[in-house]
Amino acid sequence: MSASEDKLVVVAVILGAHGVRGDVRVKSFTEFPEDAFAYGVLRDVEGVVLIDPLKARPAKDHFIVAPKTPKQKEDWDALKGTLLHVSRSSLPEIEADEVYANDLIGLVVVNVAGEELGRLKAVHNFGAGDLIEVEPANDAKTVFVPFTEEDVPDVDLSAGKIVVTMFDLWADETTEPLD
């Protein structure tokens, strides 16, 4: 197993207890929300098993999970906000033109001329599509770039880099918002 397969990947977050029977509310971050429970046990950042899901039923914007080992309401509520992880090796194989967002974190960001711009800090989706957050090499404020083929034409995981076009446009704080 490679080092990347040993990594823990965030797939969900604990929202708190559901009732008094030991169930827990969980918000999934996976593309298909129910998949968060198909990858096996859910762990904290240290790898400690927090939830071994028996079943998960959808609620409004989250799931109500019945774990193999229920906890008291107060225990689940104390874990509210805890990120839930799975082993990278438990995730399914992806197509050649796809990447897991987690695999992008830490890549060197370069422009089309190959000049280093910074490092990829995070991948976000605030509802209008994926954005990469770039931490510039010059310690400037982080820059958000749309994660589209036009703005990010090349992702080379083996070389550890990602190419961004028009970085200056996204980094320019004087650009007026569109009306």
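Above this text sits the structure in question.
Residues numbered from 1 in each chain as written. Predicted model: local features only at pLDDT ≥ 70, side-chain atom pairs only at ≥ 80, totals over all residues. Heavy atoms only, no water.

Asker: Run through the environment of V163, naming residues and quoting values.
Answerer: With respect to the secondary-structure elements, V163 resides in strand β13 (residues 161-163). Leave out the neighbours within four places in its chain, and V163 touches V110, N111, V112, D151, V152, P153 and D154. (Helix = DSSP H or I, 4+ residues; strand = E, 2+ residues; numbered from the N terminus. Contact = heavy atoms within 4.5 Å.)

Asker: Quick rundown of the side chain of T30? Include the residues and the values.
Answerer: In this fold, T30 is placed in the loop between β2 (23-28) and β3 (42-43). For T30, the side chain forms a polar contact with the side chain of S28, separated by 2.8 Å. A distance of 2.8 Å separates a polar side-chain atom of T30 from the backbone oxygen of F32. Beyond its immediate chain neighbours, meaning those up to four positions away, T30 contacts V11, D35, A36 and Y39. (Polar contact = N/O pair within 3.5 Å; in protein donor to acceptor, adjacent residues only side chain to side chain.)

Asker: Please give an account of the pattern of salt bridges that cites residues and values.
Answerer: The final tally for this structure, using the stated rule, is four salt bridges. For D52, the salt bridge is made with K68, and the minimal N-O distance between the two is 3.7 Å. Taken together, the positions of D52 in the loop between β4 (49-51) and β5 (53-58) and K68 in the loop between β6 (63-67) and α2 (73-78) put the pair 16 residues apart, joining distant regions of the chain. Assessed through its relative accessible area of 27%, D52 is described here as partly exposed. Classification of K68 as exposed rests on a relative accessible area of 52%. (Salt bridge = Lys/Arg side-chain N within 4 Å of Asp/Glu carboxyl O. Buried < 20%, exposed > 50% of the residue type's maximum accessible area, 1.4 Å probe, protein only.)

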